[in-house]
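Architecture at a glance
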Amino acid sequence: MVDFRVLGLLKSLHRQRFSSHVKTKRTFNLTFHSNFSISVQRLGAMARPFHLNTPLLESVSMTQRVGTPVFLKMENSQPSGSFKIRGIGHLCQQLATDSKGVVCSSGGNAGMAAAYVARKMCVPATIVVPSSTPQLVVQRLRDQGATVNITGKVWDDANAEALRLAEAEGLTYVPPFDHPLLWQGHSSVVSEAAASLEEKPGAVLLSVGGGGLLCGVIQGLKDVGWTDVPVIAMETVGADCFNAAVKAGRLVTLDDITSEAKCLGAKTVCRKAFEFSQSGEISIISELVTDQQALGAVETFLDEERVLVEMACGAALAAVYSGLVHRLQDEGRLPAPLGPLLVIVCGGSSMDMEQLSHLKHKLHT
């Protein structure tokens, strides 16, 4: 509900601001109504979150494979196509309400979230993406009204340019994964699941790129008192900065991103995610799958659940389809029997049937 006292204040402020520049009554009315309309839209954008409470669906086919109920948190159904809108929406509401524009570096999903939020807030958006970004993502970003800047080969190159633009042009920098406000926003995925599940999950399964979702889920598990619930953190070989850091006991910067799961393509995981892996507060099981396994999971998920997701999401799904969950149980790293498995279906904005066909040809030949 709109507070008309606030609207009255906005109207008064706009009259004061623009009266000295008005030469005619007609010009004043045009200027006032245009800027007043933008202010009301920004006010509305501040009044509610940008993300949706996404469906939590039980997968019968996955349940049969794992031998325990499997619940899918369908983040692919967010307005921007992924979970990223939770954290980025929250961050922009805190930092970008009076911004002259936002700039975000992205392999796809963070950029889509930033572009969507900026459009709703009537703020210009510049999204810097690496050359490896699929053309369909570039077009979808432009469809949201964003200016797309293609820089470098991998996300790290694009991020350096985004930071430069933020400094040079006075734009609000929107980090894709490394900021406490992002993690706070992402934590809502756990509180939503907790409100819907009848019992505490036996484990949470998710994909890791830069570590933002992992940090948010860890914070969410703490918030709802589920600190004894392990997290299975999945990456693909060639986009495995978190796994490399866990194995080395220190942050590791990859030489290059060689995986086709480009949305997982950060060379270095965020420090907070690494610290969580070392703290022992919550058990984090870091595992890898191949690109072929991730793509196979995407295809199986499409066949069985009738939903198309991207390869970054396929990394998590592959833990079910490849038998990795059973292996972890056999190794004693997960309990047997296992309580319900909560799977974060993180998104699918960089995949369509043409891209799926291209990846099948590339990875199976």
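Above this text sits the structure in question.
The structure reproduced in this document is the subject of the present report. No experiment lies behind these values; they were computed from the predicted model shown. (Residues numbered from 1 in each chain as written. Predicted model: local features only at pLDDT ≥ 70, side-chain atom pairs only at ≥ 80, totals over all residues. Heavy atoms only, no water.)

**A few points about the overall build of the protein**
Put simply, the test is: Numbering of helices and strands runs from the N terminus; a helix is a DSSP stretch of H or I covering at least four residues, while a strand is a stretch of E covering at least two. For every residue, the accessible area (1.4 Å probe, protein chains only) is compared with the maximum for its type, and the residue is labelled buried under 20%, exposed over 50%, or partly exposed between those bounds. Using the Shrake-Rupley algorithm and a 1.4 Å probe, accessible areas are obtained, with residue cover drawn only from the displayed protein chains.
A tally of helices and strands in the protein yields 16 helices and ten strands. Counting the 365 residues in the protein, one finds 55% classified as buried. Accessible area of the protein: about 15,800 Å², with a carbon and sulfur share of 50%.

**Describing the packing of helix 5 (residues 109-120) against helix 6 (residues 135-143)**
Where we set the bar: Each axis is a line fitted through C-alpha atoms, taken for helices only over the stretch in contact, and angles between the N-to-C directions span 0 to 180 degrees. Relative orientations are named as follows: roughly parallel for angles under 35 degrees, roughly antiparallel for angles over 145 degrees, roughly perpendicular for angles from 65 to 115 degrees, and oblique for any other angle. In a left-handed crossing the near helix is turned counterclockwise from the far helix by less than a right angle, and in a right-handed crossing that turn is clockwise. Contacts between residues were defined by any pair of non-hydrogen atoms, one from each residue, lying within 4.5 Å.
Put simply, helix 5 and helix 6 touch, their axes get as near as 9 Å, and they point 10° apart. In terms of axis orientation, helix 5 runs roughly parallel to helix 6. In the crossing of helix 5 with helix 6, the sense of the turn from one axis to the other is left-handed. Taken together, the residues of helix 6 that come into contact with helix 5 (itself represented by Gly 111, Met 112 and Ala 115) are Val 137, Arg 140 and Leu 141.

**A few points about the packing of aromatic side chains**
Spelled out, the test is: Side-chain rings of Phe, Tyr and Trp (the six-membered ring for Trp) are treated as a pair once their centres are within 6.5 Å; stacked means planes under 30 degrees apart, edge-to-face means over 60, and tilted covers the remaining angles. In this scheme, Lys NZ or Arg CZ marks a charge over a ring once it lies within 6 Å of the ring centre and within 35 degrees of the ring normal.
Applying the stated criterion across every chain, the model contains one aromatic pair. Lys 272 extends its terminal NZ or CZ atom over the ring of Phe 276, reaching a point 5.0 Å from the ring centre.

**Let's talk about the packing of helix 11 (residues 241-248) against helix 12 (residues 271-279)**
Here helix 11 crosses helix 12 at 45°, and the two axes come no closer than 10 Å. Between helix 11 and helix 12, the angle is such that the two are oblique. The handedness of the crossing between helix 11 and helix 12 comes out as right-handed. In this structure, helix 11 uses Phe 242, Ala 245 and Val 246 to contact helix 12, whose residues at the interface are Ala 273, Phe 274, Ser 277 and Gln 278.

**So, the pairing of strand 5 (residues 147-150)**
On a regular strand, each side chain points to the face opposite its neighbour's, so the side chains alternate between the two faces of the sheet. Applicable threshold: The pairing criterion is simple: DSSP has to find at least two bridges between the two strands. Handedness rule for crossovers: strands pointing away from the viewer, path from the first strand over the helix to the second running clockwise, crossover right-handed.
The sheet contact formed by strand 4 (residues 125-129) and strand 5 spans four bridges and is parallel. The partner of Val 129 across the bridge, within strand 5, is Ile 150. Following the backbone out of strand 4, through helix 6 and into the adjacent parallel strand 5, one traces a crossover that is right-handed.

**Observations regarding the pattern of salt bridges**
Rule in force here: Only one rule defines a salt bridge in this text: a Lys or Arg side-chain nitrogen within 4 Å of an Asp or Glu carboxyl oxygen.
Throughout the structure, instances matching the rule amount to 14 salt bridges. Where Lys 153 meets Asp 256, a salt bridge forms, and the shortest distance between an N and an O atom there is 3.1 Å. Placement of Lys 153 in the loop between strand 5 and helix 7 (155-169) and of Asp 256 in the loop between helix 11 and helix 12 is noted, with a sequence separation of 103 residues between them. By relative accessible area, Asp 256 is classed as partly exposed at 27%. Residue Arg 327 is joined to Glu 331 by a salt bridge in which the shortest nitrogen-to-oxygen separation is 3.0 Å. Arg 327 gets classed as partly exposed once you look at its relative accessible area, which sits at 33%. Here the residues in one salt-bridge network are Lys 73, Glu 75, Arg 86 and Glu 192, joined through shared partners.

**As for the sheet that holds strand 4**
As summarised here, the arrangement of the four strands in space is 5-4-3-6, forming an open sheet in which the pairing is parallel. The open sheet has two edge strands, strand 5 and strand 6 (172-174), and neither has a second partner. Ignoring strand direction, the axes of neighbouring strands in this sheet form an average angle of 25°. Strands strand 4 and strand 5 of the sheet are contacted by helix 6, whose axis makes an angle of about 150° with strand 5.

**A few points about the pairing of strand 10 (residues 341-345)**
With five of five residues buried, strand 10 lies mostly within the body of the structure. Burial of the side chains of strand 10 extends over both faces: Leu 341, Val 343 and Val 345 are buried on one face and Leu 342 and Ile 344 on the other. Strand direction decides the pairing type here: strand 2 (residues 70-74) and strand 10, joined by five bridges, are parallel. Residue pairing for strand 10: Met 74 is matched across the bridge by Val 345. Relative to strand 10, strand 7 (residues 203-207) runs parallel, the two sharing three bridges. Residue pairing in the sheet places Ala 203 in a bridge with Leu 341 of strand 10.

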